[in-house]
Amino acid sequence: MGSNLPYAADADSPLKPDELAVLRAQFEKEGPYVGVQTKFNYAWGLIKSSSRSEQQEGVRLFSDIFRNELNRRRECLYYLALGNYKLGNYQEARRYNDLLLDHEPASLQAASLRGLIDDKVAKDGLMGVAILSGVAIAAAGVGAMIFRGARRR
C-alpha cells in the first residue's frame, strides 16, 4: 500500500473547481448509500483544496471511513495525517502519521511527511518563543517608562 500513497506535495495542488464539482456531484448523487471509493475520492479532493472549511470536511470524511471501513484504515491514517498537517493540527498529524509508520516503517511518503511535520513544529515553536520574547521586551519597556514617569512626580 505504501508506494500507492501520494507525497505531501500533492496535497498542495488543488483540483480545478470543475474537477471537485464532479466528485461532489457523484458523492451527493449516491446520497446515504455513498460508496467508500466515492467518499474517499471526494475527501481527497477536499483535502487538496485551498479552502480551510473544505479541508476540514475532507478530514471528517476520512475519519468516517477510518471508523467504518476496517480494510481502509491504514490508508486513511496517511490521509488523516496529511489533512491535519494542512490544517495546522500538527499534533494530530503526527499521531496519525506515527500510527502508520508503526505499521509501515518503510513508507517513504509517511517518513517524508514526518519530516515536514517536525519542521513545522520546530518552526512554530521558534516563532512562539520569538513572539513571547518580543512581548516580554515590550512589557519591560512599558514598565520602565511607567516607573520613570512615577519617579519624576
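Just so it is clear, the structure is predicted and the values come from calculations on it, not from any experiment. (Residues numbered from 1 in each chain as written. Predicted model: local features only at pLDDT ≥ 70, side-chain atom pairs only at ≥ 80, totals over all residues. Heavy atoms only, no water.)

Asker: So what's going on with the nonpolar core? Which residues, and what values?
Answerer: Considering soluble globular proteins, one finds that nonpolar side chains tend to be buried as a cluster. With 33 residues, the main nonpolar core has Trp44, Phe62, Tyr78, Tyr79, Leu82 and Leu113 as its most contacted residues. Elements that contribute at least two residues to this core include exactly helix H1 (17-30), helix H2 (36-48), helix H3 (52-68), helix H4 (73-87), helix H5 (90-103) and helix H6 (108-152). Counting residues per element, this core draws most heavily on H4, at nine residues. (Core = buried A, V, L, I, M, F, W, Y, C linked by side-chain atoms within 4.5 Å. Buried < 20%, exposed > 50% of the residue type's maximum accessible area, 1.4 Å probe, protein only. Helix = DSSP H or I, 4+ residues; strand = E, 2+ residues; numbered from the N terminus.)

Asker: Please provide a residue-by-residue account of the environment of Ser107, values included.
Answerer: The residue Ser107 is located in the loop between H5 and H6 in this model. Put simply, Ser107 and Leu5 are 102 residues apart on the chain and 8.9 Å apart in space, counted from C-alpha to C-alpha. If we skip the residues at most four places from it in the chain, Ser107 touches Leu5 and Leu101. A distance of 3.1 Å separates a polar side-chain atom of Ser107 from the backbone nitrogen of Ala110. (Contact = heavy atoms within 4.5 Å. Polar contact = N/O pair within 3.5 Å; in protein donor to acceptor, adjacent residues only side chain to side chain.)

Asker: Could you give an account of the packing of H4 against H5, with specific residues and numbers?
Answerer: Across the interface, H4 lies against H5 with an axial gap of 8 Å and an inter-helix angle of 155°. One finds that H4 runs roughly antiparallel with respect to H5. In this structure, the crossing between H4 and H5 has a hand that is left-handed. For the pair H4 and H5, the contacting residues are Arg74, Leu77, Tyr78, Leu80, Ala81, Asn84 and Tyr85 in the first and Tyr90, Glu92, Ala93, Tyr96, Asn97, Leu99, Leu100 and His103 in the second. Residues belonging to the contact of H4 with H5 are distributed by class as follows: 10 nonpolar, three polar and two charged. (Axes fitted to C-alpha atoms, helices over the stretch in contact; angles between N-to-C directions. Parallel < 35°, antiparallel > 145°, perpendicular 65-115°, else oblique. Left-handed = near helix turned anticlockwise from the far one by under 90°. Nonpolar A, V, L, I, M, F, W, Y, C, P; charged D, E, K, R; others polar.)

Asker: Can you tell me about the pattern of salt bridges, naming the residues and giving the values?
Answerer: Under the criterion given, the structure shown has eight salt bridges. Put simply, Asp64 and Arg60 hold a salt bridge, and the shortest N to O gap is 2.9 Å. With Asp64 and Arg60 both in helix H3 and four residues apart, this pair spans about one turn of that helix. Exposure remark for Asp64: the relative accessible area of 14% places this residue in the buried category. One salt bridge in this structure joins Arg67 and Asp64, with 2.5 Å as the shortest N-O distance. Placement of both Arg67 and Asp64 in helix H3 is noted, with a separation of three residues, approximately one turn of the helix. Residue Arg67 is classed as exposed on the basis of its relative accessible area, which comes to 51%. One network of salt bridges, with partners in common, ties together Glu57, Arg60, Asp64 and Arg67. (Salt bridge = Lys/Arg side-chain N within 4 Å of Asp/Glu carboxyl O.)

Asker: So what's going on with the packing of H2 against H3? Which residues, and what values?
Answerer: As a packed pair, H2 and H3 sit with axes 7 Å apart at the nearest point and diverge in direction by 150°. On the basis of the axis angle, H2 is roughly antiparallel to H3. The element H2 and its partner H3 pack so that their crossing is left-handed. Of the residues in H3, those in contact with Val36, Lys39, Phe40, Tyr42, Ala43, Trp44, Leu46 and Ile47 of H2 are Glu54, Gln55, Glu57, Gly58, Val59, Leu61, Phe62, Asp64 and Ile65. Residues belonging to the contact of H2 with H3 are distributed by class as follows: 11 nonpolar, two polar and four charged.

Asker: Quick one: what's the story with the packing of aromatic side chains, residue by residue and with numbers?
Answerer: Counted according to the given criterion, the structure contains seven aromatic pairs. Pairing Phe40 with Tyr79 gives two aromatic rings, centres 5.0 Å apart and planes at 80°, and the pair type is edge-to-face. Here the residue Phe40 occupies a position in helix H2, and Tyr79 occupies one in helix H4, the gap between them amounting to 39 residues. In this pair, the class of Phe40 matches that of Tyr79, namely buried. Chaining the aromatic ring pairs together yields one cluster made of Phe40, Trp44, Phe62, Tyr78 and Tyr79. Note that Arg72 overlies the ring of Phe40, its terminal NZ or CZ placed 4.4 Å from the centroid. (Phe/Tyr/Trp six-rings, centres within 6.5 Å; stacked < 30°, edge-to-face > 60°. Lys NZ or Arg CZ within 6 Å of the ring centre and 35° of its normal.)

Interpretation in functional terms is not warranted from these geometric data alone.
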